[in-house]
Amino acid sequence: MQNDAHIPAPAAAVEPVASAAASSPAPFAAARFIKEIGRGKDGARSLSREDAQLMYAAMLDGRVSDLELGGILLSMRIKGESVEEIAGFLAAAEASFTPLHAPAGPYAPVVLPSYNGSRKMANLTPLLCLLLVRRGVPVLMHGVTHDPQRVTSAEIFTALGVPHAASAAEAEARMAAGLPAFIPIAALAPAVSRLLDLRRILGVRNSTHTLVKIMQPFAQPALRLTSYTHPEYLEMLTDYFSHAAPHDRGDAFLMRGTEGETVANARRAQRIDWFSRGTRTVLVEKQSVAEELPDLPEGQDAAATAAWINEVLAGQRPVPQAIAEQVDHCVDVAARVGN
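Description of the structure in this document. Just so you know, these numbers come straight off a predicted model, no measurement behind them. (Residues numbered from 1 in each chain as written. Predicted model: local features only at pLDDT ≥ 70, side-chain atom pairs only at ≥ 80, totals over all residues. Heavy atoms only, no water.)

## Topic: the packing of aromatic side chains
For any two aromatic rings, the description comes down to two numbers: the centre-to-centre distance and the angle of the planes. This structure, assessed with the given rule, holds 5 aromatic pairs. Ring centres of Phe28 and Phe33 lie 5.4 Å apart, and the angle between their planes is 25°; this geometry places the pair in the stacked category. Here the aromatic residues Tyr240, Phe241 and Phe275 are joined through ring pairs into a cluster of three or more. (Phe/Tyr/Trp six-rings, centres within 6.5 Å; stacked < 30°, edge-to-face > 60°.)

Next up, the structure:
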């Protein structure tokens with residue numbers, strides 16, 4: 001009998017192993033960009049739109065080393081973004097994910113960013129979203145899901161029983177069904193979300209926090225509700241929407257944020273500027289105090305705010321006047337952009 005122990009076993013097929021260098025993205029040399037923007041508040045120079053887009057795209061792709069990435073983010077925070085830089089950054093950010101498609105209909109979609117939440121007063125951004133949806137306007141709200149110091153719109157939607165969209169396709173389906181669509185930024189634009197999350201490491205905000213508030217995630221024209229928190233951003237964003245924003249991307253409303261959110265302040269209505277094809281129109285004049293103290297939630301936690309919003313939607317409480325007027329302006333302009 002043949003002794004099988006002396007017969008060598010067939011050699012296993014050896015799979016070629018891809019090298020780490022072949023599978024990882026090529027590193028991006030950022031030194032020449034840092035040399036321009038990293039000379040301090042007075043000595044720094046701004047990048048061209050093309051260079052800004054190139055650099056930010058590399059940041060989104062993960063091709064910038066951690067050391068250089070920190071240098072870029074802190075340099076931009078000290079220097080401040082120019083209009084051309086914001087335009088380049090935004091072009092790269094919007095190109096990093098597949099654009100969404102809103103349902104066909106009489107209204108252009110409304111983009112409602114929600115990244116600040118509330119700390120001192122109730123966050124009524126979800127109410128604005130729901131009122132617009134009730135008027136037949138497709139609304140995409142995107143934002144963060146949790147903030148340890150603030151009440152987020154995501155938490156209020158959860159308390160309302162409104163599920164978050166787990167993907168762009170799910171957000172599109174919700175809009176097509178006439179439902180509110182809230183999508184976390186991590187699901188909408190993962191690369192953008194990664195740069196946004198660097199605040200936890202650096203301890204300060206970066207340019208991405210401005211970009212997510214002016215981002216236009218749709219393939220077709222849309223109405224963006226945007227806000228600012230510091231006066232210098234009013235000047236910069238006014239310049240951007242007046243001269244640098246692509247006209248075919250739709251219109252934008254710009255207002256001082258209510259604790260950073262794009263919902264009108266129920267106690268003191270803010271000025272709202274409407275930008276359409278480079279033309280600026282004042283929709284709401286500068287801040288005015290409400291004639292009567294509005295009926296607002298007693299608490300500012302998610303559960304109390306959600307309960308109050310349900311009562312407003314049921315007609316048991318009035319819609320704050322400033323928010324009702326904001327809804328009317330949104331519906332009017334969304335109808336114009338959509339036709």
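## Side note on the packing of helix 6 (residues 83-95) against helix 14 (residues 231-244)
In the contact formed by helix 6 and helix 14, the axes pass within 9 Å of each other and the chain directions differ by 70°. Here helix 14 runs roughly perpendicular to helix 6, going by the angle between their axes. For helix 6 against helix 14, the interelement crossing comes out right-handed. Between helix 6, through Val83, Ile86, Ala87 and Leu90, and helix 14, the contact on the second element is made entirely by Met236, Asp239, Tyr240 and Ala244. (Axes fitted to C-alpha atoms, helices over the stretch in contact; angles between N-to-C directions. Helix = DSSP H or I, 4+ residues; strand = E, 2+ residues; numbered from the N terminus. Parallel < 35°, antiparallel > 145°, perpendicular 65-115°, else oblique. Left-handed = near helix turned anticlockwise from the far one by under 90°. Contact = heavy atoms within 4.5 Å.)

## Details of helix 8 (residues 153-160)
Turning to helix 8, its buried residues number three or more, namely Ser153, Ala154, Ile156, Phe157 and Leu160. End-on, the buried residues of helix 8 take up no more than an arc of 160°, which puts them together on one face. Where helix 8 is buried, its residues touch strand 1 (110-114), helix 7 (125-134), strand 2 (139-143), strand 3 (181-184) and helix 15 (302-313). Phi for Gly161, located one or two positions after helix 8, is positive at around 80°. (Buried < 20%, exposed > 50% of the residue type's maximum accessible area, 1.4 Å probe, protein only. Arc of directions from axis to C-beta.)

## Let's talk about the sheet that holds strand 3
If you walk across this open sheet you meet the 7 strands as 3-2-1-4-5-7-8, and the pairing is mixed. With partners counted over all chains shown, the strands left at the sheet margins are strand 3 and strand 8 (279-284), one partner each. Here the strands of the sheet are splayed against their neighbours by 25° on average, with no regard to which way each runs. Taken together, the 4 bridges between strand 2 and strand 3 define a ladder with parallel strand orientation. Residue Leu140 lies in a different strand from strand 3, and its bridge partner there is Ala181. (Pairing = 2+ DSSP bridges.)

## A few points about the side chain of Ser207
Of note, Ser207 is situated in helix 13 (residues 207-214). On the basis of relative accessibility, which here comes to 5%, the residue Ser207 falls in the buried class. Ignoring anything within four residues of it in the chain, the contact list for Ser207 reads Met76, Glu81 and Phe89.

## Quick word on the nonpolar core
Of all hydrophobic cores here, the largest spans 58 residues; its most connected members are Tyr56, Met59, Ile185 and Tyr240. By residue number, the principal contributor to this core is helix 6, which donates 7 residues. (Core = buried A, V, L, I, M, F, W, Y, C linked by side-chain atoms within 4.5 Å.)

## Some remarks on helix 16 (residues 321-337)
Taking 1.5 Å of rise per residue, 17 residues should cover 24 Å, and helix 16 covers 24 Å from first to last C-alpha, within 8% of that figure. Of all the positions in helix 16, only Ala322, Ile323, Gln326, Val327, Cys330, Val331, Val333, Ala334 and Val337 are classed as buried. In the core, the buried residues of helix 16 are packed alongside strand 1, helix 7, strand 4 (222-228), strand 5 (250-256), strand 6 (268-269) and strand 7 (272-276). (Expected span 1.5 Å × (residues − 1).)

## Thoughts on the state of the cysteines
Scanning all chains against the criterion turns up 0 disulfides. Take Cys129: it sits in no disulfide, and the sulfur closest to it among the cysteines is that of Cys330, at 11 Å. With relative accessibility at 0%, the residue Cys129 sits in the buried group. (Disulfide = S-S within 2.5 Å.)

## With respect to the pairing of strand 1
Extensive coverage of strand 1 is indicated by the burial of 5 of its 5 residues. Where burial is concerned, the two faces of strand 1 agree: the one with Val110, Leu112 and Ser114 and the one with Val111 and Pro113 are both buried. Both strand 1 and strand 2 contribute to a ladder of 5 bridges, which runs parallel. Note on strand 2: the bridge partner recorded for Leu112 is Met141. The parallel pair strand 1 and strand 2, bridged by helix 7, forms a crossover whose chirality is right-handed. (Right-handed = clockwise from strand over helix to strand, strands pointing away.)

## Details of the pattern of salt bridges
On inspection of all chains with the given rule, the structure shows 13 salt bridges. The shortest N-O distance in the salt bridge between Glu36 and Arg45 comes to 2.8 Å. Relative accessible area serves as the criterion here: at 24%, Glu36 is assigned to the partly exposed category. The class of Arg45 is partly exposed, set by a relative accessible area of 42%. Between Asp273 and Arg271 there is a salt bridge, with its nearest N and O atoms 2.9 Å apart. For Arg271, a relative accessible area of 32% gives the class partly exposed. (Salt bridge = Lys/Arg side-chain N within 4 Å of Asp/Glu carboxyl O.)

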